[in-house]
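# Topology and contacts: notes
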Amino acid sequence: MSVFTTFAAMLVALFALASYDVLVARPRLVQDLAGRSDLLALNLDADLNFGDSTGAARKLDALRSSPEISRACLFTADKRLFAHFNRSALPEQCPWPQELGRLGHRFNGNKLLMLSPVRFEREVVGHLAIDYQLESTFERLRQYGLVLGVVFLTLFAGATLYAAGSRRLVTQPLLALSAVADQVTREQRYDLRSPVISQDEVGRLASAFNAMLATVAARDAALRRSQALLNNIVEKSSAVIYVKDLDGRYLMVNHSFRMILPPNAPEPLGNTDEMLFDAETAHIMRQGDRAVLASGRASSYEETAPGTAGGARTYISEKFPLIDEFGQIWALGGVSTDITDRKRSELELEELVNIRTRQIADTNRELAESLGSLQRAQDELVRSEKLAALGSLVAGVAHELNTPIGNSLLAVSTLLDQTTAFAAAVESGIKRSALNTYIGDVNNGSQIVLRNLHRAVDLVASFKQVAVDRATSQCREFQLDEMVSEILLVLMPTFKKSGIRVSHQIPQGIVMASYPGPFGQVLINLVNNGLIHAFEGQEDGEIVITALPGSGDTVAITVRDNGIGIAPENMGKIYDPFFTTKLGRGGSGLGLNIVYNIVYGVLGGRIDVKSALGEGTSFILTLPVRV
């Protein structure tokens, strides 16, 4: 092909040169010769008019400088020879060019014959005939041909070398690549590789082809593994798996499907349900298939099919359309799971659940009755706890009021005795000094009575306020330090007898709008809890109540003791009802439970505890300033 292309190109070039000679060079040569003839004719008109043939011959002889012109003949108007020029030494006749009688030109072999008129003032006085040799033109064409021949031979040699190199570098590698591709196509062997001869474009193509084969081989191996995995899953699955075409013929079934076929059933592949099962079963299956194909969506429902051991089996069937790359449904897939045993188990389980439900209902009824009894017992214990606290309160009130009232009674009885003695002295006459002494004693006694009565009034007021708060549980504003002082005043008889010091360090100005009754109950229970549990085996101790403003609108109230602390294993149970380490020894197990319920319920706060054995316990109440 390369040599043929080169040869065709040379022929085209030669044809172009020849065409140039015919179409361009010859008309240009005729035009050039016509111009020279016209110029010469302008110089010969005078010689023709005056009959000067010698002068005309001299002028024609000037054409000798043009080697292409071989002969020139000057004729008169009546076509007689007047003068001529002949380049050759041999005499040569100048006949009238009959073939050029119309005044023109003609190519004759290697000559160009031209006849031009000689005019004098637009009158033709003669004719000039010139023979022009075309040897130079033909010589030029021969040189062109020689050059084209040399070029052709050079191109032929180059094309031959190019063809040989192309065969070695391109054709042979491509043929080898094509052979490998053909073998891969025929034998499906993706382990074959094309030889890579060079690193040029063909070599890169072979490398890319080999890389593509490696990729295809990897994908083919992955596909085979995936197909083997899928086949194993399908074949070894306990579910019945199958694929049908649009006419209901089975395209694929697994081992579980073959196990449900009736005895002597034909090969399922290529057959329909009507050929494999009884008419009723086949009709139900086909009806479900048509519904799925019509809707184009997956559907799940129960089906019944005969079992291998006789008796119908129940299956939950999931049927779905298979869609090709064009979005068209081409087949139907199905997965059916045997749920016969499960349904039987469900029925048995349902019966068992009903039995258990009745038993649980009976148990719940008994538990509800027990819970009611327990709740009533707990309420009784809470009331007992409150009555015990009320008894302590009454005993405290009696104890605290006993001192000022006893002092007042002693002072009044002393004043009565002194008044009786003073009255007897008045009967017998008294001195001024005795009167002054009596007045002083009366004044001192009155002061004693007044102070003790004021003390009794303050105690009664405090007890009354605490009692009102405990009884009403109304929300009101109160000063925190005053409220704690009143509560400690109520508890004073209790901790005075125990020898434990109870004090508070609460700054003035903390105003709370909360429930003083429940708050007092919490504080009393925490102090009593400390008095009962914190100082076992100790003769002295201290309980301190502190308060600090917290983050936001809260206040942190801490009840801290330096007692024995709480055991770690009991930390998670201290708020449980009826949990106490003093069971039968003054502990009811409800004190901290009541505290927990009041803090989180009525007061809307939070309670935390910190304790270490041998170091004491701290209860931290975080309460909102305004509930």
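Scope of this entry: the structure provided in the associated data block. This one's a predicted model, so the numbers in the text were calculated from it and none came from an experiment.

## Observations concerning the overall build of the protein chain
Of regular secondary structure, the protein chain possesses twelve helices and 17 strands. Across the protein chain, the fraction of contacts at a sequence separation of at least 24, relative to all contacts at a separation of at least 6, is 55%. Accessible surface, the protein chain as shown: approximately 37400 Å² in total, 58% of it carbon and sulfur.

## A look at the sheet that holds strand 14 (residues 542-549)
Strand order in the open sheet formed by five strands is 12-14-15-17-16, with mixed pairing between adjacent strands. Each edge of the open sheet carries a strand with a single partner, namely strand 12 (501-505) and strand 16 (606-612). On average, each strand axis in the sheet is inclined to that of its neighbour by 15°, with strand direction left out of account. Where helix 10 (residues 480-498) meets the sheet, it contacts strand 12, strand 14 and strand 15 (554-561), and its direction lies at approximately 175° from that of strand 12.

## Observations regarding helix 4 (residues 201-236)
Compared with an ideal rise of 1.5 Å per residue, which puts 36 residues at 52 Å, helix 4 spans 51 Å between its outermost C-alpha atoms and is within 8% of the ideal. Sitting at the head of helix 4, Asp200 places a side-chain oxygen 2.9 Å from the backbone nitrogen of Gly203.

## Some thoughts on the state of the cysteines
In the structure shown here, the tally under the stated rule is one disulfide. Between Cys73 and Cys94 runs a disulfide, and the two sulfur atoms are separated by 2.1 Å. Between Cys73 and Cys94 the sulfur-sulfur dihedral comes to about -60°; the bridge is accordingly left-handed. Note that Cys73 is positioned in strand 1 (residues 69-76) and Cys94 in the loop between strand 2 (81-86) and strand 3 (105-108), a separation of 21 residues in sequence. The exposure class assigned to Cys73 is buried, which follows from its relative accessible area of 3%.

## Comments concerning the packing of aromatic side chains
Aromatic rings considered in pairs are described by the distance between their centres and by the relative angle of their planes. For the coordinates displayed, the defined rule picks out eight aromatic pairs. Following the ring pairs from residue to residue traces out a cluster consisting of Tyr242, Tyr250, Phe257 and Phe277.

## So, the side chain of Asp45
Take Asp45: it is sitting in helix 1 (residues 2-50). Other than its neighbours up to four places away in sequence, Asp45 contacts Val118, Arg119, Phe120 and Val125.

## Points about the nonpolar core
Core analysis: the largest hydrophobic core is formed by 45 residues, its most contacted members being Leu480, Phe519, Ile545, Ile557, Phe619 and Leu623. Where this core is concerned, the elements lending two or more residues are helix 10, helix 11 (516-534), strand 14, strand 15, helix 12 (591-602), strand 16 and strand 17 (616-624). Looking at which element gives the most residues to this core, the answer is helix 10, with nine residues. Setting aside residues no more than four positions away along its own chain, Leu623 makes contact with Met512, Phe519, Asp553, Thr554, Val555, Ile557, Val599, Leu603 and Gly605. Core analysis: the next-biggest nonpolar cluster, separate from the first, contains 24 residues, Leu29, Val30, Ala41 and Ala83 among them.

Calculation notes
Residues numbered from 1 in each chain as written. Predicted model: local features only at pLDDT ≥ 70, side-chain atom pairs only at ≥ 80, totals over all residues. Heavy atoms only, no water. Helix = DSSP H or I, 4+ residues; strand = E, 2+ residues; numbered from the N terminus. Contact = heavy atoms within 4.5 Å. Areas by Shrake-Rupley, 256 points an atom, 1.4 Å probe, with all protein chains shown as cover. Pairing = 2+ DSSP bridges. Axes fitted to C-alpha atoms, helices over the stretch in contact; angles between N-to-C directions. Expected span 1.5 Å × (residues − 1). Polar contact = N/O pair within 3.5 Å; in protein donor to acceptor, adjacent residues only side chain to side chain. Disulfide = S-S within 2.5 Å. Buried < 20%, exposed > 50% of the residue type's maximum accessible area, 1.4 Å probe, protein only. Phe/Tyr/Trp six-rings, centres within 6.5 Å; stacked < 30°, edge-to-face > 60°. Core = buried A, V, L, I, M, F, W, Y, C linked by side-chain atoms within 4.5 Å.

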